[in-house]
Structure formats: C-alpha cells, structure tokens
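Architecture at a glance
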Amino acid sequence: MKIIRTLLEIINREMPLKILEKRGLKIGKNFSKQKECFLDPNHCFLIEIGDNVTFSNRVTLLAHDASSKKIIQKTKFGKIIIHNNVFVGANVTILPNVEIGENVIIGAGAVVTKDIEPNKIVAGNPAKVIGTVESYREKLIQTQKVENSFGKEYTMKNKVDQEKKKELKEASQKYGICYID
C-alpha cells in the first residue's frame with residue numbers, strides 16, 4: 001500500500017516527504033498536508049517546518065527564484081522557516097527568504113514574500129496582515145452557537161451518513177458558517 005501511495009504522489013507531481021527529508025527537508029511533529037503540495041524538491045534542504053503545521057491543498061514552497069537567471073545568470077535562493085502552530089490555506093505560495101512566526105494563519109491564495117510575525121493572520125497577493133489570531137479567536141467564539149455546531153460523528157472520517165449530511169447542509173443554508181469538532 002505504501003508503494004502504491006508513493007507512486008500516486010509521484011504521478012500527481014508530488015514528491016513523497018520521505019524523499020524530501022532524505023534531501024534535507026526538516027519537518028516537526030504533527031505535520032499535516034493535503035494533496036498537490038509542492039515543497040521545492042531541489043532546494044528542500046533550505047526548508048524547515050515546525051510542529052503542528054497544516055498545509056491545505058496546493059501549497060507551494062519555493063526556496064529558489066530563477067527569475068534572476070536571465071538577468072545576471074544566477075539563481076537566487078533563501079531559507080524558508082515555518083515555526084510551530086501554523087495553518088497555510090489552499091493555493092498559498094511562500095517565496096524564498098521568508099520566516100513565518102508561531103501561531104500564524106495564512107489565508108487561501110496568498111503569496112508570502114516577506115516575514116510574518118507570530119500570532120498574525122495574513123492574506124492577499126502580496127500577503128498583508130489582516131488581523132491577529134486572538135481577534136479571530138474572539139470572532140469565532142461569538143459566531144459559534146449550539147445550533148451551528150456539530151460533533152465528530154458528522155465528519156467524513158467517522159463515515160457521516162446521508163441524514164447527517166442533510167442536517168449539515170440545512171444548517172449551512174440557515175446559519176452560513178457552521179462548526180464541526
């Protein structure tokens with residue numbers, strides 16, 4: 001099964017983490033990534049990922065920039081350091097020479113060109129600070145109610161049934177944003 005999984009990753013142009021780690025990529029505990037993430041395979045030794053980091057779909061880490069090659073015949077490169085407890089949204093690109101502090105959330109589609117201080121939320125192209133993790137936490141607490149919150153039995157991991165899916169759909173139509181444990 002592991003061989004099949006590895007072959008599927010390669011077919012999808014996704015280098016398996018084990019190979020990247022052998023090439024020097026550093027990954028902390030509890031790293032989670034969705035499909036189609038690109039972690040610069042030729043420069044992965046310049047990338048460090050801390051503990052409890054999550055990558056959504058199609059995250060790209062580029063530790064090099066070959067745009068300089070046409071101009072000065074040299075490729076630029078720089079480290080990428082992602083500290084602990086970071087969430088990186090779908091379709092985010094992180095460019096060379098960037099350090100992302102602890103407890104950061106990066107919104108979907110962002111292009112990160114500069115360092116991000118701890119406890120910030122960034123979004124956009126180029127990524128800019130749009131808030132703090134604490135203010136976001138407060139907003140989430142205010143919008144979470146009993147009516148729009150559901151337990152683990154409503155997750156795909158726990159094989160949610162059709163009736164529960166119907167409940168989730170109705171709740172999202174009624175309340176907009178809902179929450180699952």
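Everything below is about the structure printed above this text.
Predicted, not measured: the structure shown is a model, and the values here were computed from it.

Once that is clear, we can look at the sheet that holds strand 3 (residues 38-39). One open sheet accounts for four strands, arranged 3-6-11-14; its pairing is parallel. Looking at the sheet topology across the chains shown, the edges are occupied by strand 3 and strand 14 (111-112).

Once that is clear, we can look at the sheet that holds strand 10 (residues 87-88). If you trace the six strands from one edge of the open sheet to the other, you get 2-5-10-13-15-16, paired in mixed fashion. One side of each edge strand has no neighbouring strand; the edge strands of this open sheet are strand 2 (32-33) and strand 16 (128-132). Judged from the two bridges that link them, strand 10 and strand 13 (residues 105-106) form a sheet pairing that is parallel. Among the inter-strand pairings, Val88 is bridged to a residue of strand 13, identified as Ile106.

Moving on to the nonpolar core. Ile49, Phe55, Leu61, Ile82, Ile94, Ile100 and Ile106 are the most contacted members of the largest nonpolar core, which has 28 residues in total. Every element with two or more residues in this core is listed here: strand 4 (47-49), strand 9 (80-82) and strand 12 (98-100). In contact with Ile106, not counting residues within four places along its chain, are Phe87, Val88, Gly89, Val92, Ile94, Ile100, Val112, Ile116 and Val122.

Another point: the environment of Ile27. Structurally, Ile27 can be placed in strand 1 (residues 26-27). The spacing of Ile27 and Ile177 is 150 residues in sequence and 32 Å in space, taken between C-alpha atoms. If near-sequence neighbours (up to four positions away) are discounted, Ile27 is found in contact with Leu17, Glu21 and Ile49.

Attention now goes to the pattern of salt bridges. If you walk through the whole model with that rule in mind, you get five salt bridges. Note that Lys76 and Asp65 form a salt bridge whose closest N and O atoms lie 3.4 Å from each other. Pair noted here: Lys76 is in strand 8 (residues 76-77) and Asp65 is in strand 7 (residues 64-65), with a separation of 11 residues, a long-range link. We classify Lys76 as partly exposed; its relative accessible area is 47%. With a closest N to O distance of 3.9 Å, Lys164 and Asp161 form a salt bridge. Several salt bridges converge on common partners, so that one network encompasses Glu134, Arg137 and Glu138.

For the rest of this paragraph, the subject is the pairing of strand 16. Relative to strand 16, strand 15 (residues 120-123) runs antiparallel, the two sharing four bridges. Bridge pairing in strand 16 links Ile121 to Gly131. Here strand 15 hands over to strand 16 after four residues, with Gly124 in that stretch at a positive phi of 105 degrees.

Reading the values: the criteria
- Residues numbered from 1 in each chain as written.
- Predicted model: local features only at pLDDT ≥ 70, side-chain atom pairs only at ≥ 80, totals over all residues.
- Heavy atoms only, no water.
- Pairing = 2+ DSSP bridges.
- Helix = DSSP H or I, 4+ residues; strand = E, 2+ residues; numbered from the N terminus.
- Core = buried A, V, L, I, M, F, W, Y, C linked by side-chain atoms within 4.5 Å.
- Buried < 20%, exposed > 50% of the residue type's maximum accessible area, 1.4 Å probe, protein only.
- Contact = heavy atoms within 4.5 Å.
- Salt bridge = Lys/Arg side-chain N within 4 Å of Asp/Glu carboxyl O.

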